[in-house]
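Residue strings, one per chain:
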Amino acid sequence: SFALDLGGLNSSGKAVYMTTAKNGTVGINFNNNSSGVFAGGSFEGVFATESGVSSQLNINMNGSGTQSITIYKAANGSQHGFENDLDGKKDMSIGIVTVYSGKFIMNTEVSVENLYLYGGTLQFSSPEKVGGLTIDSGDSVTLLFDGTIKTGDLSIGASPVDIVFSDEDLTSQQITVFEFDYLAENIDVESVFTAYDESGKILGGEFELVREGVAGSLIYTVPEPEAIAALFGIAALVFALRRRK
């Protein structure tokens, strides 16, 4: 097993593939340098293994900037310029992805076993189900919505969770944030989650847990445009009164 301690990972606009020839664990740890600087970057590629080899990839985001990672399946390598390079190779499994600080953007065609948001900002998208998703921190954390996250176990700590929706997201009447097989604890969603638009304004609206036995979904109902306009109008009035004072 080995770990890479990095100040950022960048693929310069081209997809890259990395392979292991032996069974093992690969850890990628994103950290600031000794001066507190994090370079960040945008990486896209395939993490594969040779035939008959089983390896796992773990990622920790602890930098203060932005890091983006896109992971493709080895079977789709030809769509990203690898032609026959990945014939006979299979995907590394993705074990643990943990975000402690900074902004981490992850798009993956390969399923993640456990996803943890302990601080900072996460934007996550995958067509595959996450084995377990845990959101828990002493401070507020931010989730940039990038499509419904499907997960087996869902665990939400008592910390406030800010969810940011794009203008495109808000054209829907209802948005499914999570779909889960099991919720580890009962939570008061209205006190835990707050909806924002991309400009940082609170949207109002309602979060609701829809249960089907132990499984269920977290649904956000978008406020009517008139309600959003009224909220912005109140905010502008309060700001004007404060300026006059």
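Throughout what follows, the structure given in this document is the object of discussion. Since we're looking at a predicted model, the values are computed, not measured. (Residues numbered from 1 in each chain as written. Predicted model: local features only at pLDDT ≥ 70, side-chain atom pairs only at ≥ 80, totals over all residues. Heavy atoms only, no water.)

**Quick word on a negative patch on the surface**
The grouping of Asp 188, Glu 190, Glu 206 and Glu 208 at the surface amounts to a negative patch. As for its position among the elements, Glu 190 is in helix α1 (residues 189–192). For Glu 190, a relative accessible area of 43% gives the class partly exposed. (Patch = residues over 30% accessible without salt bridge, like charges linked within 9 Å, V, L, I, M, F, W, Y side chains within 5 Å. Areas by Shrake-Rupley, 256 points an atom, 1.4 Å probe, with all protein chains shown as cover. Salt bridge = Lys/Arg side-chain N within 4 Å of Asp/Glu carboxyl O. Lys, Arg positive; Asp, Glu negative; His and termini not counted. Charge placed at Lys NZ, Arg CZ, Asp CG, Glu CD. Helix = DSSP H or I, 4+ residues; strand = E, 2+ residues; numbered from the N terminus. Buried < 20%, exposed > 50% of the residue type's maximum accessible area, 1.4 Å probe, protein only.)

**With respect to the pairing of strand β15 (residues 161–164)**
Taking every second residue as pointing to the same face, both faces of β15 are buried, with Val 161 and Ile 163 on one and Asp 162 and Val 164 on the other. Note that strand β13 (residues 141–144) and β15 share 4 bridges and pair parallel. Bridged to Leu 144 within β15 is Val 164. The pairing of β15 with strand β17 (residues 193–196) spans 4 bridges and is classified as parallel. Paired with Val 164 across the strands is Tyr 196, a residue of β17. (Pairing = 2+ DSSP bridges.)

**Details of the sheet that holds strand β12 (residues 130–135)**
Strands sit in the order β1-β3-β5-β8-β10-β12-β14-β16-β19-β18 across an open sheet of 10 strands; the sheet is mixed. At either end of the open sheet lies a strand with only one pairing partner, and these are β1 (2–6) and β18 (206–212). In this sheet, adjacent strand axes meet at a mean angle of 20 degrees when their direction is disregarded. By the bridge criterion, 5 bridges tie β1 to strand β3 (residues 24–30) in an arrangement that is parallel. Among the inter-strand pairings, Leu 6 is bridged to a residue of β3, identified as Phe 30. (Axes fitted to C-alpha atoms, helices over the stretch in contact; angles between N-to-C directions.)

**A short note on the pairing of strand β9 (residues 103–108)**
Inspection of the sheet shows strand β6 (residues 66–71) paired to β9 by 6 bridges, in the parallel sense. Within β9, the position partnered with Thr 70 by the bridge is Asn 107. With 5 bridges joining them, β9 and strand β11 (residues 121–125) adopt parallel strand pairing. What sits directly across from Phe 104, in β11, is Leu 122.

**Quick word on the environment of Val 26**
By the secondary structure assignment, Val 26 is in strand β3. Not counting chain neighbours up to four residues away, the residues in contact with Val 26 comprise Phe 2, Thr 20, Gln 56, Leu 57, Asn 58 and Met 92. (Contact = heavy atoms within 4.5 Å.)

**Some details on the nonpolar core**
In this structure, Phe 104, Phe 165, Val 177, Phe 178, Phe 193, Phe 207 and Tyr 220 are the most contacted members of the largest nonpolar core, which totals 52 residues. At 5 residues, the largest contribution of residues to this core is made by strand β16 (residues 174–183). Leaving out residues up to four positions away in the same chain, Phe 165 has contacts with Phe 145, Leu 170, Ile 175, Val 177, Ala 195, Tyr 196, Asp 197, Glu 198, Leu 203, Phe 207 and Tyr 220. (Core = buried A, V, L, I, M, F, W, Y, C linked by side-chain atoms within 4.5 Å.)

**Things to note about unusual backbone geometry**
Unusually for a residue other than glycine, Ser 12 sits at a positive phi of about 50 degrees. Its place among the elements puts Ser 12 in the loop between β1 and β2 (16–20). A positive phi angle is found at Glu 83, which is not glycine, with a value near 50 degrees. Within the element layout of this structure, Glu 83 appears in the loop between β6 and β7 (90–91).

**Concerning the packing of aromatic side chains**
Taken as a whole and judged by the stated rule, the model has 11 aromatic pairs. Both rings, one in Phe 145 and one in Phe 165, keep their centres 5.4 Å apart while their planes meet at 50 degrees; by these two values the pair is tilted. One end of the pair, Phe 145, is in the loop between β13 and β14 (149–156); the other, Phe 165, is in the loop between β15 and β16, with 20 residues separating them in the sequence. For Phe 145, a relative accessible area of 14% corresponds to the buried category. Ring pairing ties together the aromatic residues Phe 145, Phe 165, Phe 178, Phe 193, Phe 207 and Tyr 220, which thus form one cluster. (Phe/Tyr/Trp six-rings, centres within 6.5 Å; stacked < 30°, edge-to-face > 60°.)

By themselves, these observations are geometric and do not establish any function.
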